[in-house]
Amino acid sequence: MVNNKYHLSKTKKEKEAVNLEFNKLNGYKVNPKVKEKDGILVNKIVFVDNEFSEKIIRKKIDMKIEYLLKQLKLMQDEGTDNGTIKKSLMDAEKLRVQLINKYVKYLGHTYYGLTLKKIELIIEELNFKLYMKQFYQDRVHYYNSSNEKEGRRGR
């Protein structure tokens, strides 16, 4: 298979060639996960426009925050086990680390600060739920173990 590199751009002039060095482009890099059988194989997409990359990242982060809030609401409505709470907590902490390490250079300071505060509130709520769940389990276990009768061992 031939490795060709293509650059798509929209200009009003016809038959205009643009030579770019792909290794030196600065922008938001995305590796697409969808692979079509009969389509063009795309390994990497680089968004050079800062406003467009910021919009994409904001939408991505907002979708993840909405998912975490929905998980919190489901935990509040029905009884959940420690595993789902821990999984949601790990997802929230992973999003926080991604925001700090990966997305900070693309986002504005106000949006970055507000989003970080939202994620911190979600993490605090999940930690509280996990603590309360563990506290009630330990309390029930202690109550059950203290009520057992000490008896003679028989044959």
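None of the values given here were measured: they were computed from a predicted structure.

Next up on the list: the overall build of the protein. Helix and strand counts for the protein come out as three helices and two strands. Along the protein, helices and strands appear, N-terminal first, in the series β-β-α-α-α. Counting only residues that meet the buried cut, the protein has 19% of its 155 residues in that class. With an accessible surface of roughly 13,800 Å², the protein has 53% of that area assigned to carbon and sulfur atoms.

This structure, assessed with the given rule, holds four salt bridges. Two residues, arginine 96 and glutamate 120, come together in a salt bridge whose shortest N-O distance is 2.9 Å. Of this pair, arginine 96 sits in helix α2 (residues 82-103) while glutamate 120 sits in helix α3 (residues 109-146), and the two are 24 residues apart along the sequence. A salt bridge links glutamate 125 to lysine 129; the shortest N-O distance between them is 4.0 Å.

Moving on: the nonpolar core. By size, the foremost hydrophobic cluster in this structure holds 22 residues, and its most contacted members are Ile57, Ile61, Leu99, Tyr103, Leu107, Ile122 and Leu126. Top element by residues in this core is α3. It accounts for seven residues. Residues contacting leucine 99, with those up to four places away along its chain left out, are Ile61, Val104, Leu107, Tyr112, Thr115, Leu116 and Ile119.

Here threonine 115 lies in helix α3. Relative accessible area serves as the criterion here: at 2%, threonine 115 is assigned to the buried category. Those residues within four positions of threonine 115 in sequence are excluded, and the remaining contacts are Ile61, Ile65 and Leu99.

What describes a pair of aromatic rings is the distance from one ring centre to the other and the angle between the planes of the rings. Under the criterion given, the structure shown has three aromatic pairs. Three or more aromatic residues joined by ring pairs form one cluster here, namely Tyr28, Tyr103 and Tyr106. Between arginine 58 and the ring centre of tyrosine 111, over which it is positioned, the NZ or CZ distance is 4.2 Å.

To continue, consider a nonpolar patch on the surface. There is a patch of nonpolar side chains on the surface, built from Ile40, Val42 and Ile45 and spanning about 270 Å² of accessible area. By the element assignment, valine 42 lies in the loop between β1 (28-30) and β2 (45-47). A relative accessible area of 37% means that valine 42 is categorised as partly exposed.

Rules of the game
- Residues numbered from 1 in each chain as written.
- Predicted model: local features only at pLDDT ≥ 70, side-chain atom pairs only at ≥ 80, totals over all residues.
- Heavy atoms only, no water.
- Helix = DSSP H or I, 4+ residues; strand = E, 2+ residues; numbered from the N terminus.
- Buried < 20%, exposed > 50% of the residue type's maximum accessible area, 1.4 Å probe, protein only.
- Areas by Shrake-Rupley, 256 points an atom, 1.4 Å probe, with all protein chains shown as cover.
- Salt bridge = Lys/Arg side-chain N within 4 Å of Asp/Glu carboxyl O.
- Core = buried A, V, L, I, M, F, W, Y, C linked by side-chain atoms within 4.5 Å.
- Contact = heavy atoms within 4.5 Å.
- Phe/Tyr/Trp six-rings, centres within 6.5 Å; stacked < 30°, edge-to-face > 60°.
- Lys NZ or Arg CZ within 6 Å of the ring centre and 35° of its normal.
- Patch = residues over 30% accessible without salt bridge, like charges linked within 9 Å, V, L, I, M, F, W, Y side chains within 5 Å.

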